[in-house]
Amino acid sequence: MKSFIVIGLGRFGTAVAEELYSLGHEVLAIDSSESAAQAVAETVTHTIIADAKDEAVLESVGVRNFDSVIVCMTNIEDSMMITLMLKELGAKYIVAKARSSQHSKMLKLIGADRVIFPEHDMGCRLAHTLSSRRALDFIELAPDFAIVELTLPQSWVGKTLAGVGVRQKFGVNVLAVRRSSTEVVVSPQADYVFRENEILIVAGENKKIQKLERQS
C-alpha cells in the first residue's frame, strides 16, 4: 500500500483520489470547498477542508511522509505556488496537472517530478483511434513514441510472431497479445501463433506503428 495526497477535488482530482483508494492505497484529499471534500469523504481515507496555498496546511499534514502528492488545481498560479511549497517542504514525488506547454515547463522548473495534460492526452488518444481503422487505444510516451492497441491483421492469423517478422519488417515490439477480456499473453515468444480476433499491444515510433496499422 502506498500513500498519496490529492490536492484539488475537481472532476480530475476526484477521479484520481477515488481510483487510488479503490486500488487499496491510503489517500488524503484536500480542498477548500466543504462540499467537494464531503463528496469524497466515503471514498478516500481522509479529507481536509483547507486552502492548500497556505504553507502551514501542507506542513501540518507532513507531505514528506507520503509517497506522492498530486496537484490537481485548475488555476495556474495556485498550482505553481503549491508545487513550489511542496518541493521546499520535501515532498518525495510531485505530480502536477498542467493546462498548457508553457505551464508544464514552469511546473517542471519549480520542482514537479511529473506533469500531465489530461485533456491533451485524451485528445491525442481520441484522434489516433478515430484516424485509424484498427487502432483501439493510444498512449503517448514521447512526442514520437507510443504504445498502441491494434486489431490483429487478418493475414497474420495462423502465423507465428517470428514468421510475421514484426520487429524486422515494421520496427515495433509486441509487448502483449490480448486474447479476451481476461486472457493476456505478455511478451509472446517467437513461436507464438496468432489467432482470430486477437488484439496486439505494440510499442514503437509513431510512423512505424502507422505502417503496421495499414496491414490487412
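Chains are numbered independently. Their residues run from 1 in the order of the written sequence. With the structure being a predicted model, the display of local features is reserved for residues of pLDDT at least 70 and the display and counting of side-chain atom pairs for 80 or more, all residues being used for whole-chain, interface and lining totals. Note: side-chain values were computed over all heavy atoms of the structure, leaving out hydrogens and water.

Given two aromatic rings, one states the distance between the centres and the angle between the planes to describe the pair. Geometry of aromatic contacts follows a simple scheme: Phe, Tyr and Trp rings, the Trp one being its six-membered ring, pair when their centres are within 6.5 Å, and the pair is stacked under 30 degrees between planes, edge-to-face over 60, tilted otherwise. All chains considered together, the criterion is met by three aromatic pairs. Aromatic pair Y192 and F194: ring centres 5.7 Å apart, planes at 75°, arrangement edge-to-face. A relative accessible area of 2% means that F194 is categorised as buried. Ring pairs connect the aromatic residues W156, F170, Y192 and F194, which therefore count as one cluster. Relative accessibility thresholds used throughout: buried, under 20% of the residue-type maximum; exposed, over 50%; partly exposed, between the two (1.4 Å probe, protein chains only).

Numbering of helices and strands runs from the N terminus, with a helix taken as a DSSP run of H or I at least four residues long and a strand as a DSSP run of E at least two residues long. Side-chain alternation along strand β5 (residues 94-97) places I94 and A96 on one buried face and V95 and K97 on a second face that is also buried. Any two strands with at least two DSSP bridges between them are considered paired. Relative to β5, strand β4 (residues 68-71) runs parallel, the two sharing three bridges. Counterpart to V69 in the pairing with β5 is I94. When the strands point away from the viewer and the path from the first strand over the helix to the second turns clockwise, the crossover is right-handed. For the crossover that starts at β4, traverses helix α4 (residues 76-88) and ends in the parallel β5, the hand is right-handed. Alignment of β5 against strand β6 (residues 114-116), held across three bridges, turns out to be parallel.

Our focus in this paragraph is α4. One turn of an α-helix holds 3.6 residues; hence residues three or four places apart share an orientation. By definition here, a helix of n residues has an expected span of 1.5 Å times n minus one. Here α4 is 13 residues long and its end C-alpha atoms lie 19 Å apart, about the 18 Å a rise of 1.5 Å per residue gives. Those residues of α4 not exposed but buried are D78, S79, M80, I82, T83, M85 and L86. Contacts are assigned to residue pairs with any non-hydrogen atoms lying within 4.5 Å of each other. Turning to α4, the residues buried within the fold contact β1 (3-7), α3 (55-61), β4, β5 and α5 (101-109). Two N or O atoms count as a polar contact when they lie within 3.5 Å, although within protein this holds only if one can serve as hydrogen donor and the other as acceptor, and sequence-adjacent residues are included solely when both atoms are side-chain atoms. Measuring from the backbone nitrogen of E77 back to the side-chain oxygen at the start of α4 gives 3.0 Å, which picks out N75 as the cap. Immediately beyond the C-terminal end of α4, within one or two residues, lies G90, with a positive phi of roughly 90°.

Here we come to the nonpolar core. Grouped together as the largest cluster of nonpolar side chains are 25 residues, with contacts concentrated most on I5, I7, L58, V63, I82 and L86. Of all the secondary-structure elements, those providing two or more residues to this core are β1, β2 (26-31), α3, β4, α4 and β5. For this core, the element with the highest residue contribution is α4, accounting for four residues. When neighbours within four sequence positions are excluded, I82 is seen to be in contact with I7, A52, K53, L58, V71 and M73. Note on terminology: a nonpolar core comprises buried Ala, Val, Leu, Ile, Met, Phe, Trp, Tyr and Cys residues joined through side-chain atoms within 4.5 Å. Residues L150, L152, V174 and L200 belong to the second largest nonpolar core, which totals 18 residues.

What follows concerns unusual backbone geometry. Residue S187 is not a glycine yet carries a positive backbone phi of 50°. Relative to the elements of secondary structure, S187 occurs in the loop between β10 (184-186) and β11 (199-205). Non-glycine residue N197 carries a positive phi angle of around 70°. Here N197 shows up in the loop between β10 and β11. A relative accessible area of 65% places N197 in the exposed class.

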